[in-house]
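Letter by letter, the chains look like this.
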Amino acid sequence: MKRRPPSRQARQRCAILIRELAVPAPFELGRFARCLERQTGRYIEMIPAVMTTSSPSGARVRTAGADYLYYEEETSPYHQAHIMLFLAAGMLLAAGPGPSVDPRVTPDVSPQLLRLMLPGTTGGTVDHLEAETFAFLALKHVGLAALPLPLAWRAIRQLGPLRSGLSEAVPEVASARVSGPWPASTLRLHQQVIEIRDAALALRPFRDQEVASDAAKAGRAAGLAGDDLDAAVEGAVLAAAVRARNAGHPVRQPDDAAGPTTAPGRDLRSEASWLAKVSRAFSDVQRAGAPASGDGLANTPDGLSPGWIREAASHVRCLIPGLTVPASQRKVGHCGVNSPGGSNCE
């Protein structure tokens, strides 16, 4: 669903609040909390937490004397900054006396019933796009969301396959995408990054440690290392998680199960760069397709197999710029992407 960009009045309202807040640059959560306290005259506590998959990636609880802002611990710094600014928008754009509870925390409870259960609770709400715009403009104000428009459009195309695949499996994370004038391309890229991060968190029950282990072994055997290896593994794990989610087969998680792999994305540029690598790996794994039953590979409940993951990882390696693919491993016509040596990869 597309929506026109936020109105000039809404953008001006957000810009005025950002100036009044004196959002700190460089952005730090602790310093931002002090800015909120000065602006609102209330005690602010920001609490990292591993949110449940049925909850939003952040939540605000308001009492008579304080605001408690919870944000997801297992995600990138850029995503965490967005979460806190989004929650702050709910405080500043719909300020009202009395306690309040973020409505996303109680999606099955009507505002009327909530006020009966918690007398004095405020029911003010903020339009999602306006709160998202406030967060985006604040990040842009401190230099974290500044990106030339041509680079933004290129990144939007690169992240498209990953965003599309994840939002189909987790449709509740999709935003109404903006179109038209204003810096819609940069805001749209920001939306894509946040949607991908939210979806990856929602897919945590479907992440398979065996898939990650097999993809890592295959990637190392193919010569991948560092961020390139992490991105290839994350792409394979997310592709498997999407299949498991669509099939309704959560994976039994060990107590020490790791969450989504998060490169240190502190700004929109680094987030887009990292997720573009993940998107390429995710797209290539999906394009390779899972093996048909009866082909001699042991299928797992999510429709994938370790053998297939190793085969798919061999296709991922040729999508990483600068990586040489041995001539003996090149075949023409499978994925149609030119390898560094000039031939098509397997």
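Residues numbered from 1 in each chain as written. Predicted model: local features only at pLDDT ≥ 70, side-chain atom pairs only at ≥ 80, totals over all residues. Heavy atoms only, no water.

Visitor: Lay out the overall build of the protein with the relevant residues and their values.
Guide: A tally of regular secondary structure across the protein gives 11 helices and six strands. Each of the 346 residues in the protein was classed as buried or not, and the buried ones make up 50%. Considering only residue pairs separated by 6 or more positions, the protein has 69% of its internal contacts joining residues 24 or more positions apart. As displayed, the protein has an accessible area near 15900 Å², and 52% of this comes from carbon and sulfur atoms. (Helix = DSSP H or I, 4+ residues; strand = E, 2+ residues; numbered from the N terminus. Buried < 20%, exposed > 50% of the residue type's maximum accessible area, 1.4 Å probe, protein only. Contact = heavy atoms within 4.5 Å. Areas by Shrake-Rupley, 256 points an atom, 1.4 Å probe, with all protein chains shown as cover.)

Visitor: Any details on the pattern of salt bridges? Residues and values, ideally.
Guide: Tallying each qualifying case throughout the model produces 13 salt bridges. Between R42 and D67 there is a salt bridge, with the nearest N and O atoms lying 2.5 Å from each other. Of this pair, R42 sits in the loop between α2 (29–40) and β2 (43–49) while D67 sits in strand β4 (residues 66–72), placing them 25 residues apart in sequence. According to the relative accessible area criterion, R42 is buried, its value standing at 14%. (Salt bridge = Lys/Arg side-chain N within 4 Å of Asp/Glu carboxyl O.)

Visitor: So what's going on with the confidence of the model for the protein? Residues and values would help.
Guide: Here the protein averages 76 in pLDDT, and 66% of its residues register 70 or above. Note that pLDDT drops below 50 for residues 119–124; the model gives that stretch 15 contacts with residues more than four away or on any other chain. (pLDDT = per-residue confidence, 0-100.)

Visitor: Account for the packing of helix α6 (residues 149–169) against helix α9 (residues 226–247), with residues named and values stated.
Guide: Between α6 and α9, the shortest axis-to-axis distance is 9 Å and the interhelical angle comes to 25 degrees. Comparing the axis directions of α6 and α9 gives the class roughly parallel. Crossing of α6 against α9: the hand is left-handed. Facing L162, G165, L166 and A169 of α6, the residues of α9 in contact are L238, V242, R245 and N246. Residues of the contact of α6 with α9, tallied by class, amount to five nonpolar, two polar and one charged. (Axes fitted to C-alpha atoms, helices over the stretch in contact; angles between N-to-C directions. Parallel < 35°, antiparallel > 145°, perpendicular 65-115°, else oblique. Left-handed = near helix turned anticlockwise from the far one by under 90°. Nonpolar A, V, L, I, M, F, W, Y, C, P; charged D, E, K, R; others polar.)

Visitor: Kindly report on the packing of helix α3 (residues 77–92) against helix α7 (residues 184–202), identifying the contributing residues and their values.
Guide: It is the contact of α3 with α7, at a shortest axis distance of 11 Å, that shows an interaxial angle of 100 degrees. Between α3 and α7, the crossing angle belongs to the class labelled roughly perpendicular. Two secondary-structure elements touch here, α3 through Y78, H79 and H82 and α7 through H190, V193, I194, R197, D198 and L201. Of the residues contributing to the contact of α3 with α7, the split by class is four nonpolar, three polar and two charged.

Visitor: Just give me the short version of the side chain of H79, but keep the residues and values in it.
Guide: Structurally, H79 can be placed in helix α3. Apart from residues no more than four positions distant in its own chain, H79 is found in contact with S57, I194, R197, D198, L201 and E271.

Visitor: Could you give an account of the nonpolar core, with specific residues and numbers?
Guide: If you look at the biggest cluster of nonpolar residues, it comprises 82 residues, and the most contacted ones within it are F27, F32, L36, M46, F134, L166 and L189. With 12 residues, α9 is the single largest residue contributor to this core. With near-sequence residues (within four places) excluded, L189 lies in contact with L147, A152, A155, I156, L159, L268 and A272. (Core = buried A, V, L, I, M, F, W, Y, C linked by side-chain atoms within 4.5 Å.)

Visitor: Describe the pairing of β4, naming the residues involved and giving the relevant values.
Guide: Buried residues dominate β4, accounting for five of its seven residues. The pairing of β2 with β4 spans seven bridges and is classified as parallel. Across the sheet, the residue bridging to E45 is Y68, located in β4. Here strand β3 (residues 58–62) pairs with β4 via five bridges, running antiparallel. Within β4, the residue paired with V61 across the bridge is Y68. Turn length for the β3-β4 hairpin, with the two strands adjacent in sequence and antiparallel, is three residues. (Pairing = 2+ DSSP bridges.)

Visitor: Pulling in residues and values, what's your account of helix α8 (residues 209–221)?
Guide: Between the first and last C-alpha of α8 there are 18 Å, a value that for 13 residues agrees with the 18 Å anticipated at 1.5 Å per step. For α8, the set of buried residues is V211, A212, D214, A215, A216, A218 and G219. Where α8 starts, the residue carrying a side-chain oxygen 2.8 Å from the main-chain nitrogen of E210 turns out to be D208. Once α8 finishes, G223 follows within two positions and takes phi at roughly 95 degrees, a positive value. (Expected span 1.5 Å × (residues − 1). Polar contact = N/O pair within 3.5 Å; in protein donor to acceptor, adjacent residues only side chain to side chain.)

Visitor: Give me unusual backbone geometry: which residues, what numbers.
Guide: Residue P26 is reached from A25 by a cis peptide bond, and omega for that bond is 5 degrees. By secondary structure assignment, the location of P26 is in the loop between α1 (8–21) and α2. Its identity is not glycine, yet A22 carries a phi of approximately 55 degrees, on the positive side. Along the chain, the position of A22 falls in the loop between α1 and α2. A22 sits in the partly exposed class, given a relative accessible area of 46%.

Visitor: Describe the packing of aromatic side chains, and please don't skip the residues or the numbers.
Guide: Following the criterion strictly, the structure yields one aromatic pair and no others. With a centroid separation of 5.3 Å and 45 degrees between ring planes, the pair formed by F27 and F32 is classed as tilted. Residue F27 is classed as buried on the basis of its relative accessible area, which comes to 15%. (Phe/Tyr/Trp six-rings, centres within 6.5 Å; stacked < 30°, edge-to-face > 60°.)

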